[in-house]
Structures are given as C-alpha cells and as structure tokens.
Amino acid sequence: MAEPIDPPPAGFASLGLSDALVAAVTALGYEEPTPIQREAIPVLLSGRDVLGQAETGTGKTAAFALPMLQRVSEEPAARGQTLGLVLVPTRELAMQVAEAVHKYAKKLGSRVVPVYGGASMDQQIRALRHGAEVVVATPGRALDHIRRKTLALEGLRFLVLDEADEMLDMGFAEELEAILEATPSERQTALFSATLPSRIVAIAEKHLRNPVRVTLGRAKTSPGKLPRVRQVAYVVSRAHKAAALARVLDMESPASAIVFCRTRLEVETLVESLNAHGYRAEALHGGLVQRQRDRVMTAFRATKVDLLVATDVAARGLDIEHLSHVFNYDVPSTPEAYVHRIGRTGRVGRAGVAITLAEPREHRLLRFIEGFTKQKIDVATVPTVAELRARRLDLTKASLREQLLGGGLDEVRVVVESLAEEFDVLDIAAAGVKLAHAATVDGGGDQGSEREIPSAIPFERPRPAGHRDRFPSRGGGPPFRPSRRPGGEPVTRIHVSAGRQAGVRPGDLVGAITGEAGIGSREIGAIEIADRFSLVEVPERLANAIVSALRASTIKGKRVAVRREKEGP
Ligand code: AMP
C-alpha cells in the first residue's frame with residue numbers, strides 16, 4: 001500500500017478546532033467535515049446553544065463531541081470534575097458515543113465514562129469516583145447516580161441531548177426535566193434530534209438559550225437529472241459488511257466498479273481484505289500524492305485493477321468514463337453526496353447499478369435520501385449461498401452459449417467424438433460444463449464470501465402469517481423481575497411502544513422478530529401486552545439484534561419505538 005501523506009487538514013482546522021482534535025480526526029481517517037459538522041462546530045465553539053436536526057449517519061456525534069471536548073479542555077476546573085454530559089436514549093448508543101468521544105479525546109487526556117442501565121452499579125460508581133470530565137449516560141441511570149450523589153453536575157459546562165425525540169418516545173421526559181434541573185443554568189446546551197415535534201421545540205424553548213438552528217439543508221440543491229440507475233440497499237451490521245460486500249460483488253460480477261467509503265482508514269482496511277479475497281482492488285484517498293493517484297488510475301483504465309476503493313474527497317474530479325457499478329460501503333452522510341457518487345454510473349444512456357450497504361440504524365438516512373432524490377432504493381437481503389451458486393451457474397451457461405455461437409470448436413470436437421465411443425454425449429457435455437464452471441469459481445476469488453452473514457436484516461419484509469399467540473396477554477401493566485430461562489441463560493425484556501390500544505397481539509411481535517431478525521420463535525419468551533406498550537422476554541445474547549430488527553420493522557404497519565426495558569425505578 002502506498003505511504004499516505006497527510007494533506008493539510010484545512011477542513012477541520014478551519015472550523016476553529018484545536019490542533020489536538022484536528023490530529024485526532026485526521027488519525028481516524030476523516031478527510032473533511034460533514035455538512036452538519038461544518039455548521040455546528042463553529043457555533044458551539046463560540047459558546048452558543050444549538051438546536052440541531054440530523055439523522056444518524058450524518059456525523060452528528062463528532063458535530064457535538066469535538067466542540068464539547070474543546071470547551072471542556074479549556075476549563076480551569078478541578079481535574080476529574082464532570083464538565084460534559086451527553087444524554088442518549090439507549091445503552092448501545094451510550095457505548096457507541098462514549099467510544100467515539102474517547103477516540104476524539106485521545107490527545108487531550110480527558111476521561112470519558114459511559115453510564116447505562118443493566119450494568120453493574122458498583123463498577124460505574126468506581127469509574128465516576130475516579131473522575132470523568134465527560135459522562136455519556138442514559139437518562140434513567142444518570143438520574144439514579146445524581147440521586148445517589150455519585151454523579152455531581154454542579155460544575156457542568158456542556159450538556160448534550162442526543163436523539164432527543166427517541167428519549168421522549170421512550171418515556172424519559174420526566175428524567176430529562178429532573179436532570180436539567182440538576183445542572184447549572186449557565187451551562188451550554190446542544191440538542192440533537194432527527195425530528196422536531198412540538199414537544200422537542202418546547203424543551204428547546206425552556207432549556208436552551210437563544211439557540212442557533214442547525215439543519216441538514218432539505219433539498220437546497222435539486223438532485224438534478226439522475227441517470228438510469230438501479231438502486232439497491234442491503235442492510236447489514238458493521239461486523240458483516242466486508243463479507244456482505246464480497247458476496248454482493250460475486251453476485252453482480254461488475255465490469256468496472258468503484259466502492260465508496262467514509263474514511264481513509266476504511267478504504268485501507270477494505271482494500272486489504274478485498275485483495276486477500278482475490279480481488280484486485282486499489283485505494284484512492286486524500287493521503288495519496290498525484291503520482292500515486294495517476295498510477296492507480298492508469299492501472300484501472302488498463303483493467304489491471306477490478307475495483308477502486310475511494311473516499312469522496314479522492315474521487316472528486318476523477319475522470320472515469322463509465323462504471324457499471326457504484327458501491328456505497330457506508331451510507332454517505334448527505335443526499336448530495338449520494339447523488340454525486342451514483343452519478344458515476346449509468347451515464348450516456350447505459351443502465352448502471354448503485355448498491356448501498358446500510359447499518360440497521362441508518363435506515364432513516366436512507367429514507368431521507370429517497371425523499372431527496374424522489375427515487376426508490378430497493379431494500380434487499382444479501383444473496384444466500386444458494387442464490388450465489390445459481391447465479392454463477394448462469395454466468396457459466398452464458399459463457400458456454402457464447403462459445404457455441406462463436407464456433408471454432410473443431411479442435412475439441414475430436415475429443416468429444418472419441419469419448420462418445422465410451423460415454424453418453426449428454427454426460428460428456430455435463431462433465432465439460434462442470435470443469436468450466438469449477439474453473440470460473442476457483443478463479444473468482446470467492447473464498448470467504450460463502451460465510452454465513454447472520455445479521456443481514458431487511459427493513460420491511462412481509463412477516464410470516466399465522467403465528468399462534470404463544471403467551472396470551474395477562475392484561476394490565478405487570479411487575480417485572482429479571483429472570484432466567486430454565487437452562488439458566490440470562491434473559492432481558494424489550495419494551496415496544498405499542499400495545500393493546502394499537503391492536504398489537506403476541507403474534508405480531510413474534511412475527512416481526514422471527515421475520516426481521518431471522519431468529520427462531522423458540523427463542524422468544526413471555527410476551528406481555530399492556531394498553532400502551534408491550535414487553536417481550538428474550539435471551540440477553542440476542543437482545544441487541546432483536547432491538548435493531550424491531551426498530552427497522554413495522555408493527556401493525558407503523559414504526560414503533562423499541563428499547564430494552566428501562567432499568568430499575
Ligand atoms: P454519526 O452520524 O455520528 O453516527 O456518524 C456516522 C459515522 O460517520 C461514524 O462511523 C463516524 O465515525 C463517521 N464520521 C463522522 N464524521 C466523519 C467525517 N467528517 N468524515 C468521515 N467519517 C465521519
């Protein structure tokens with residue numbers, strides 16, 4: 001791999017971020033700020049409050065975390081005092097955001113502690129006592145610590161409410177009020193939400209000081225005339241992306257393709273893994289000098305390279321005649337970037353294909369892009385091994401047909417004739433096909449792509465009908481205790497924001513889980529249907545997958561808020 005040479009990180013530095021933070025994001029392979037970062041960071045650095053509307057996948061975490069870290073590191077406060085607090089709706093998000101903040105804070109030395117329900121209280125208390133400049137917490141657990149006086153917010157400078165609409169949907173309104181009350185009024189506040197219903201606006205009016213509104217510009221520019229492109233999205237978890245891409249590549253066998261990634265690091269990792277799987281892939285990112293880019297492009301034009309793997313920055317201004325396929329390894333952070341990327345295929349009247357790998361939590365961003373382009377993105381499942389085999393056989397058949405039509409078979413005809421003295425002609429043909437097929441598969445570099453991809457989750461697959469009601473509703477809001485299954489396996493409960501009033505029956509929940517997550521109905525335990533919500537008992541080890549699957553699906557035709565059952569009173 002070519003030695004990356006850092007470009008001047010003018011993008012992030014020009015927003016007013018300190019050298020340490022610019023170095024941190026550069027090390028993570030970010031090449032330029034996303035639009036939401038460009039808008040929010042300078043405003044937050046100036047000390048103003050922000051009311052931001054942004055979906056997951058737009059880069060909103062860095063948009064609040066980087067200025068928060070900078071403001072907090074400028075404070076002369078006693079070491080270890082909690083200066084920054086980020087409230088998030090779920091445990092998974094708490095872990096993710098804490099990890100991101102930790103990475104950004106590496107060079108500053110600020111300590112970050114995540115605090116969420118369902119984990120050991122003692123351990124969290126120890127971590128908090130040790131001192132944490134930044135705490136990332138779910139509201140229930142945060143309040144618990146405030147009341148126990150294990151989390152002191154008197155010195156708080158910077159508060160973030162992330163995914164505020166989700167927090168309200170989950171019934172955290174009272175906790176939020178109580179936490180806000182426990183913080184000093186002169187703190188700086190950033191509120192981020194995918195939607196801005198009146199309840200959110202009311203919170204902003206009450207608790208934010210003259211906030212600057214930051215929005216991902218809704219269709220400021222027109223998508224222009226989009227080319228004829230088949231658009232497909234596969235929903236896969238991050239851990240299975242590389243395998244999913246390999247499988248989709250096998251299925252599509254693109255004539256010429258580019259794979260877009262968000263960061264330079266991702267480009268490098270992906271190129272390595274694709275090369276290890278027998279593809280000829282080359283990286284294009286902002287860290288390459290002109291000579292290196294030229295070499296890659298020459299090799300690509302001479303078809304010595306199958307795949308270009310590029311960041312948006314590196315692909316800008318590239319002169320590529322025609323691509324059969326554009327792959328988005330990540331959903332791009334804006335609709336404009338999506339349009340720009342897929343515009344590289346389907347040119348001059350030829351049909352092209354644009355394929356996006358999306359993580360379950362990015363479904364909203366995909367819908368947002370659809371709204372912008374006014375074009376549908378079909379959501380599909382990653383091809384199964386059987387489909388892949390059938391598709392490969394089709395390719396072999398097409399090659400054989402070409403051979404038959406092309407003629408020039410006299411040389412080998414004698415072989416068939418001599419074998420025909422001993423064998424049936426059809427059998428001889430079958431053996432020939434088998435050999436030809438084996439040769440293409442062996443040469444196709446498909447090792448690794450036949451692994452199972454268990455968490456490929458489609459968004460809205462029709463759910464199996466006729467699920468029997470396994471656990472009839474006991475009615476009322478039942479008291480819950482943590483439980484274990486007969487085998488001793490830990491279980492947890494999942495809270496779904498729809499219940500009897502919405503017409504939900506146990507079968508709807510079982511259907512959604514088995515249909516969306518591909519989880520056997522035997523894994524699902526007791527189901528409680530209350531008036532306005534439902535609770536489903538599931539094994540702890542499957543809880544995250546089931547939450548993601550339910551979030552990406554609909555119950556009774558409607559999207560519902562889904563989370564683990566709220567911890568303790
Ligand atoms: P978020 O919307 O905060 O969940 O971020 C989505 C993803 O984009 C995360 O994996 C981030 O690491 C990544 N990301 C955030 N900002 C940038 C950037 N400026 N360039 C490239 N990737 C980014």
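Report on the accompanying structure. (Residues numbered from 1 in each chain as written. Predicted model: local features only at pLDDT ≥ 70, side-chain atom pairs only at ≥ 80, totals over all residues. Heavy atoms only, no water.)

## Brief notes about the environment of Asp394
To be explicit about the condition: Secondary structure counts use DSSP, requiring at least four H or I residues in a row for a helix and at least two E residues in a row for a strand, with both numbered from the N terminus.
As for its position among the elements, Asp394 is in helix α17 (residues 385-406). Along the primary structure Asp394 and His437 are separated by 43 residues, whereas in three dimensions their C-alpha atoms are 9.8 Å apart.

## Considerations on the environment of Gly287
Just so we agree on the cut-off: Only protein chains enter the accessibility calculation, which uses a 1.4 Å probe. A residue is then buried if its area is under 20% of the maximum for its type, exposed if over 50%, and partly exposed in between.
For Gly287, the position within the fold is in the loop between β10 (281-284) and α13 (290-301). Take Gly287: its relative accessible area is 0%, and that puts it in the buried class. Residues Gly287 and Gly29, spaced 258 residues apart in sequence, show a C-alpha to C-alpha distance of 9.2 Å.

## Side note on the sheet that holds β10
Two pairing modes exist for strands in a sheet, parallel and antiparallel, and in both the strands are linked by backbone hydrogen bonds. Stated formally: Pairing between strands is defined by DSSP: at least two bridges between the two strands are required. Every angle, taken between N-to-C directions, lies between 0 and 180 degrees, and every axis is a line fitted to C-alpha atoms, over only the stretch in contact when it is a helix. Contacts: residue pairs with any heavy atoms within 4.5 Å of one another.
Strand order in the open sheet made by the seven strands is β10-β11-β9-β12-β13-β8-β14, with parallel pairing throughout. Bordering the open sheet on either side are β10 and β14 (378-380), each of which pairs with just one other strand. Here the average twist between neighbouring strands, direction ignored, is 25 degrees. Strand direction decides the pairing type here: strand β9 (residues 257-261) and strand β11 (residues 307-311), joined by five bridges, are parallel. From the neighbouring strand, Cys261 faces β11, where its bridge partner is Thr311. Across the sheet, helix α11 (residues 241-252) lies against β8 (229-235), β9, β11, β12 (325-328) and β13 (352-358), angled at about 160 degrees from β13, the strand it touches most. On the sheet, α13 packs against β9, β10 and β11 and is oriented at approximately 145 degrees with respect to β10.

## Overview of the pattern of salt bridges
For the record, the criterion: The term salt bridge refers to a pairing of a side-chain nitrogen on Lys or Arg with a carboxyl oxygen on Asp or Glu at a separation within 4 Å.
For the structure shown, the criterion picks out 28 salt bridges. The partner of Lys60 in a salt bridge is Glu163, with the nearest N and O atoms 3.3 Å apart. Of the two residues, Lys60 sits in helix α4 (residues 60-73) while Glu163 sits in the loop between β5 (158-161) and α8 (164-169), which places them 103 residues apart along the sequence. As far as the burial class goes, Lys60 and Glu163 line up, both buried. In this structure, the salt-bridge partner of Lys103 is Glu99, at a minimum N-O distance of 3.5 Å. Placement of both Lys103 and Glu99 in helix α5 (residues 91-105) is noted, with a separation of four residues, approximately one turn of the helix. Exposure remark for Lys103: the relative accessible area of 35% places this residue in the partly exposed category. Of the residues examined, Glu99 reaches a relative accessible area of 46% and is grouped as partly exposed. If you follow the salt bridges from partner to partner, you end up with Arg238, Lys241, Glu266, Asp330 and Glu359 in one network.

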